[in-house]
Structures are given as structure tokens and as C-alpha cells.
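# Observations on the three-dimensional arrangement
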Amino acid sequence: MIVVMPASSEATAVSFVLAGMGVPVAKHGNRALSSRAGAADVLTALGVDVDVPLERLPVILDAAQCCFLFAPRHHAALRHAAVPRVELGTRTIFNLLGPMANPAGVRRQLIGVFDPRWAEPMAAALAGLGTEACWIVHGQGLDELTVAGESSVVELKEGEIRRRTVTPEEAGLLRAPLAAIRGGEAAANAAALIALLQGAAGPYRDTVLLNAAAALIVAGRAGELREGVAEAAQALDGGAALAALTALRRESAPLPAAH
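Below or above, wherever it landed, is the structure these notes cover. (Residues numbered from 1 in each chain as written. Predicted model: local features only at pLDDT ≥ 70, side-chain atom pairs only at ≥ 80, totals over all residues. Heavy atoms only, no water.)

## Comments concerning the environment of Gly220
The topology assignment puts Gly220 in the loop between helix H9 (203-219) and helix H10 (225-237). Between the alpha carbons of Gly220 and Val23 there is a distance of 10.0 Å; along the sequence they are 197 residues apart. (Helix = DSSP H or I, 4+ residues; strand = E, 2+ residues; numbered from the N terminus.)

Right, here's the structure in full:
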């Protein structure tokens, strides 16, 4: 099982790509606190119930190959920080703690970090917590791998921490300006995600493919980025990613009332 941590709509799309390929994803996130749209906001706009009873989550994960772990439900004490975080309107230590507090106990992660100086300390902390493999990534000011230029990666694998850079060309993808891939409000991000799952091309798709390829490497399903991009493209083009979203909607829907 893997977790994809950035809060962007691209990361949510990556979750569906992986789930469609049979790679289970436990995504841990929140509503918008220091950004325009959090993972919970985008999923809600997609018709996914993010507030299901906790005991249903293992069943949803098994049936849909993905589930959403709504952070305030699992870490009740942290809800007291929500209002100050919104008032501050900037990234804080809580944006770094999320990947290390995933309630699913995942051992493989793709994590976006808002400032690359924190990547190595996070990798060291995750190694101490028993993480088997992870990529902690930052690209041109974004907490994800980007097609806008070079991205920095801190890789944890088998207890060793390494630094590397990733370019879109390395994955066989074209560069695009940041303006072409920046997200917006939840409704706009959800609409872009649906268009992607229905076959839309362009920089948004390439960003999803790049990050999905990295996640497949972390999951042990791909050896290098070009291979991961090709496999992720098949999941998008063959409808498997869209089917994963449909499954998550269905499995997270409220259960019929007992009579």
C-alpha cells in the first residue's frame, strides 16, 4: 500500500491512476487550511463522501483500492489548530507532520514538501518510523514533481537517503509553464480532474503522469520514470483511473437505512 501526500488535484488524480492499476492508496488529508483547495474539498466536489464512519474505511479500501483518511477524524486534538492555520494563511509544521501521522501505517509514500530544506529531515524521521521507501519531492515552488522544470527529490530506500533531480524530459514529457498547471478552487480542480479521466491531454495530464510514475517506482511497480509514465498512461486511457473514482464514490456513499 502507498500513500500520495500532496494536497493538489494532481495528487488526487494520481491516487485514482494507482488504484486503477491495483496499487492500494490510503490518502491522508484535510480541507483547505493554507491553500485554495484541500484534498477533502476536491474529493467532495467529485461526489466522494470524505466523512464516512471510520470502521468502513478498510472495506472501502479493499473494494475501491483507494480511500481517504480525513485528518480531523483521526487526529482529534489537531482540530484545535485549524482556525489559527487558516488565520495564518501559510504553510506550517502541520504540513510536514501529516505524512508521518498517516493512520493507515503505510510504509511507502510519495510526499510533496512546500520547502525542499525539510525533505531530508522528513526522510530521516520516516526512516526511524519504519518507512520502507519514499520520495519527498519539490518542483519549482510546488509540493509535487513538475513539468515546469527541474524537481528536487530526496529518496529513502532500504534505510539509505539519496538526493536527485528529476526533469520532465527524463520521463519523456514536454515542459510547460507553471501558469499552465497551477490549481484553483475545488470546483475548478474537480472539473479538470474529470476532464483528465475522460481523456483530456495537456500539461495537467503530463504532471499527473510524472507523479504517478514516481509513485509506481516507490511502490516497486516501475523501475524508472519512462516505464511508469507508460503504465500510468494506460490506466488513464483504458478507463481504469475513472473506474477507480466511480468505485470510491460508490463505496463511500451512505449506507441505506436499516428497516
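## Brief notes about the side chain of Ser9
In this fold, Ser9 is placed in helix H1 (residues 9-20). A distance of 3.3 Å separates polar atoms of two side chains, one belonging to Ser9 and the other to Tyr204. Each residue touching Ser9, except ones within four places of it in the same chain, is listed here: Val42, Asn189, Leu193 and Tyr204. (Polar contact = N/O pair within 3.5 Å; in protein donor to acceptor, adjacent residues only side chain to side chain. Contact = heavy atoms within 4.5 Å.)

## A look at the pattern of salt bridges
Summed over the entire model, instances satisfying the criterion amount to eight salt bridges. A salt bridge links Asp115 to Arg117, with the nearest nitrogen and oxygen atoms 2.9 Å apart. Residue class for Arg117 comes out exposed when judged on its relative accessible area of 59%. Measuring nitrogen to oxygen at the nearest pair gives 3.1 Å for the salt bridge that ties Arg250 to Glu251. (Salt bridge = Lys/Arg side-chain N within 4 Å of Asp/Glu carboxyl O. Buried < 20%, exposed > 50% of the residue type's maximum accessible area, 1.4 Å probe, protein only.)

## Focus: the pairing of strand S4 (residues 108-112)
For S4, the tally of buried residues reaches four of five residues, placing the bulk of the element in the interior. Following the backbone out of S4, through helix H7 (residues 119-128) and into the adjacent parallel strand S5 (residues 133-139), one traces a crossover that is right-handed. (Right-handed = clockwise from strand over helix to strand, strands pointing away.)

## Topic: the environment of Leu46
Relative to the elements of secondary structure, Leu46 occurs in the loop between helix H2 (39-45) and helix H3 (57-64). The class for Leu46 is buried, based on a relative accessible area of 3%.

## A closer look at H7
Buried within H7 we find Ala119, Met122, Ala123 and Leu126. Buried residues of H7, seen end-on, are gathered within an arc of 100° and therefore sit on one face of the element. For H7, the elements touching its buried residues are helix H6 (94-97), S4, S5, strand S6 (151-157) and strand S7 (160-166). (Arc of directions from axis to C-beta.)

## A look at helix H11 (residues 240-252)
Between the first and last C-alpha of H11 there are 18 Å, a value that for 13 residues agrees with the 18 Å anticipated at 1.5 Å per step. Along H11, the residues that are buried comprise Ala241, Ala244, Leu245, Ala247, Leu248 and Ser252. Viewed along the axis of H11, the buried residues span an arc of 160°, placing them on a single side of the element. Against the buried residues of H11 lie H1, H2, H3, strand S3 (66-70), helix H8 (186-197) and H10. (Expected span 1.5 Å × (residues − 1).)

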